[in-house]
Amino acid sequence: MMVPDSPKESVTELEMDESVSPNQHESGIQVEDSFGPWKKGGRALSVLMAINILLLGCCLITAGSVDHVPIEEKDVLAFLCTLMLLSILWMCVQMYLTHKHKNAVLYKDSHAGPIWLRGGLVVFGICTLLLDGFKIGHHLGYMTCTSKLMIIYPVIQGVFVIVQICFLWVSSKHCLQIHHNVMRCGLMLILTTNLAIWMTTVTDESSHVSREMMETLNYTEENELEFLSHHDEILPKGNCNCNDVCILLKTAYYYLYPFNLEFSLFACAMSYVMWKNVGRLIDDDVHHPHHLKLRSWREAPFIGLICGITMLAVGLGLFVVYELQLKDDQLRNRVLTTFFIFHVICLSLMSIGALGGIIVFKFDRRQMCNRKNPSRALDVALLFVATIGQYCISYYSIVAMVATNPIDYLRALTLTYSLLLIVQHTIQDIFIIEGLHRQLPNDWEPPLKAPPETPRKDSSTLDSASHHASQQEPGTLNAFSRQRASIASLRATLSTSLSTHRKRRRLLREICAFLLLGNILFWIIPAFGARLRFDNNLEVKFYGMTMWVLINNICLPFGIFYRMHAAACMVELCLQP
């Protein structure tokens, strides 16, 4: 591809990576795949490093969550603190080198790190800082009889969060052109650090929720739950006194775990895109500028927004009632039935909305884009991976409901709910992928834009010219008349096409606004403790507590992440031109 005319072409061979040949600089042509072997070798090195770190983290985290294995929580925290300190050091060095080296960032990926993604990272980062503050306050109550790492860890994590937000906010769009292998290894270090923190948080949160479910169900088979006896749930040994504030802080920071999980996943996604963009020789800011904004308040969605807000408000109200009445044996079945019916209705409406969006896309005149794009490829991959988690738990539930006789009202609702989850995820994935691959505004020159109105003085000039020409040649007047009629007809056709396009875009924005709020609702409900297919006690009786807890703890985090990622994609679809 041709490099844009700019001072960037004056970069010398020594300042660029050795994988770019001198002939490319002399000719002014840079082919991205021309240094494929070197790029693949550097990527392989960083990936192998990440795999080793991640596998070591998995071993420590899983071993530390079991009582009879002599791995304590302080060992896990020491490992995480080491990773975070190394990541903090690398991010600071990288920002310094990028600032000092004038040719470090020659190209940018405009699709990477959009403002809504960076804004979400900041919001989740602030909530993570609150979580760290609550943890520090809680563990100060046990300072005399617990490891000091319990206090040091949230302090280091707070610094890590702040530095990472600054780093990703500034560098998320950069296609780095210096020290390729070092940059790739550093970005993989950040990615694996966030994944290790995510796994630790999922383990803590899943253990906490599973114990609450066991208490709710009055389950007594303690021998089946040995693997859930996590260190964080056991009070420190010794003469420890913790006041009511200390206990309240512990209760509070569990409600902030979902935000910490999303922060880690957002950071992983942005780090991965940066890793893919290292050494990339294409400037998307030149070729594909984004104009992701609504041009006027009239283009903002209204009906979809109102319907989504209504569904969100009703859902949150029912969620509060559900949490309050679930432990009451007399009201348990009624509140479960009501909540299942609400889910079935909402999932049906969301499926219909996404299907309508797919139909609208079939009439969209924009072309599908097949250009290599790390951000789009990652969005699709994350959708598929997260969907598999929800598919898995839904099919386990379907098998349990079909194999159980007789099928009563609650079992029928559970079966319907599981089937609708599969349908809704499938249709919504297709809708999102169709929309994301059309979101290349600079590749699509709108054929629907009507030409500007001809000024009145031009019309009078044309009339004068035609009158003068008619005096010279009798047939000239008819030619001018036909030309004017053709222009008027073209203007009317383009105006009609533009009106149709605007109506189509308005309908898509309404659908995206509704699906956005629907996905936010279905992120809140499981993220803050509601486990419908755990609370109904049907799958637990079929599979046993151990197996069903294991299935939920593996699959539900992916389902929760899917909802947040789908909501983020809906924001981008809603703002596209």
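Residues numbered from 1 in each chain as written. Predicted model: local features only at pLDDT ≥ 70, side-chain atom pairs only at ≥ 80, totals over all residues. Heavy atoms only, no water.

Our next topic: the overall build of the chain. Counting its secondary structure elements, the chain contains 18 helices and 2 strands. Put simply, the chain has 577 residues, and 53% of those count as buried. For the chain, the share of sequence-separated contacts (at least 6 apart) that also reach a separation of at least 24 residues comes to 88%. Summing over all exposed atoms, the chain offers an accessible surface of approximately 27500 Å²; the carbon and sulfur share of this is 65%. (Helix = DSSP H or I, 4+ residues; strand = E, 2+ residues; numbered from the N terminus. Buried < 20%, exposed > 50% of the residue type's maximum accessible area, 1.4 Å probe, protein only. Contact = heavy atoms within 4.5 Å. Areas by Shrake-Rupley, 256 points an atom, 1.4 Å probe, with all protein chains shown as cover.)

Reported here for the largest pocket is a volume of approximately 850 Å³. Considering the residues around the largest pocket, the lining is formed by 31 residues, among which Trp198, Met199, Val202, Pro557 and Phe558 are closest to the centre. Within the residue set of the lining of the largest pocket, elements represented by two or more residues are helix H2 (36-64), helix H6 (180-217), helix H8 (257-277), helix H12 (374-403) and helix H18 (545-575). Take the lining of the largest pocket: its biggest share by element is 8 residues, from H6. Split by residue class, the lining of the largest pocket holds 24 nonpolar, 7 polar and no charged. (1 Å grid on protein atoms, 1.4 Å probe; cavity = no way out; pocket = protein on both sides within 12 Å on 5 of 7 lines; lining within 4 Å. Points joined across faces, edges and corners; volume = space filled by probe spheres on them. Nonpolar A, V, L, I, M, F, W, Y, C, P; charged D, E, K, R; others polar.)

Here we come to the pattern of salt bridges. Oppositely charged side chains can form a pair if their charged atoms are brought close together. Under the defined criterion, the tally for this structure stands at 3 salt bridges. One salt bridge in this structure joins Lys362 and Glu434, with 3.8 Å as the shortest N-O distance. Placement of the pair is Lys362 in helix H11 (residues 332-362) and Glu434 in helix H13 (residues 409-436), with a sequence separation of 72 residues. For the salt bridge of Glu510 with Arg506, the shortest nitrogen-to-oxygen distance reads 3.0 Å. One end of the pair is Glu510 and the other is Arg506, both in helix H15 (residues 476-527) and 4 residues apart, which spans about a single turn. (Salt bridge = Lys/Arg side-chain N within 4 Å of Asp/Glu carboxyl O.)

The subject of this paragraph is the nonpolar core. Formed by 130 residues in total, the largest nonpolar core has its most connected members in Phe167, Tyr322, Phe431, Ile432, Leu515, Trp523 and Met570. Among the elements that line this core, the one with the most residues is H18, at 16 residues. Apart from residues no more than four positions distant in its own chain, Met570 is found in contact with Gln428, Phe431, Ile432, Cys512, Leu515, Leu516 and Asn519. (Core = buried A, V, L, I, M, F, W, Y, C linked by side-chain atoms within 4.5 Å.)

Together, Val385, Leu550, Ile554 and Phe558 make up an exposed nonpolar region whose accessible area comes to about 330 Å². A total of 3 residues in the nonpolar patch trace back to one element, the largest contributor, which is H18. Along the chain, Leu550 falls in helix H18. For Leu550, a relative accessible area of 45% gives the class partly exposed. (Patch = residues over 30% accessible without salt bridge, like charges linked within 9 Å, V, L, I, M, F, W, Y side chains within 5 Å.)

Moving on, we get to the side chain of Ser351. By the secondary structure assignment, Ser351 is in helix H11. In contact with Ser351, not counting residues within four places along its chain, are Val423, Gln424 and Ile427.

This brings us to the environment of Met95. Mapped onto the secondary structure, Met95 falls in helix H3 (residues 73-100). Once the C-alpha coordinates of Met95 and Val170 are considered, the two residues, 75 residues apart in sequence, prove to be 8.6 Å apart. Dropping the residues within four chain positions of it, Met95 is found in contact with Val163, Cys166 and Phe167.

Between its terminal C-alpha atoms H18 stretches 45 Å, which fits the 45 Å expected from 31 residues at 1.5 Å a residue. Cys555 marks where H18 bends most, by close to 30°; the proline Pro557 follows one to four residues later. The element H18 is largely enclosed, with a buried count of 24 among its 31 residues. (Expected span 1.5 Å × (residues − 1). Bend = angle between axes of the 7 residues up to and from the residue.)

In this section: the packing of H13 against H18. Helices that pack against each other are described as a pair by the angle of their axes relative to one another and the distance between those axes. Remark: H13 packs on H18, axes separated minimally by 10 Å, with the N-to-C direction vectors making an angle of 35°. As for how H13 packs across H18, the hand of that crossing is left-handed. On H18, the residues touching Leu421, Gln424, His425, Gln428, Asp429, Phe431, Ile432, Gly435 and Leu436 of H13 are Tyr562, Arg563, Ala566, Cys569, Met570, Glu572 and Leu573. Its residues assigned to classes, the contact of H13 with H18 shows 9 nonpolar, 4 polar and 3 charged. (Axes fitted to C-alpha atoms, helices over the stretch in contact; angles between N-to-C directions. Left-handed = near helix turned anticlockwise from the far one by under 90°.)

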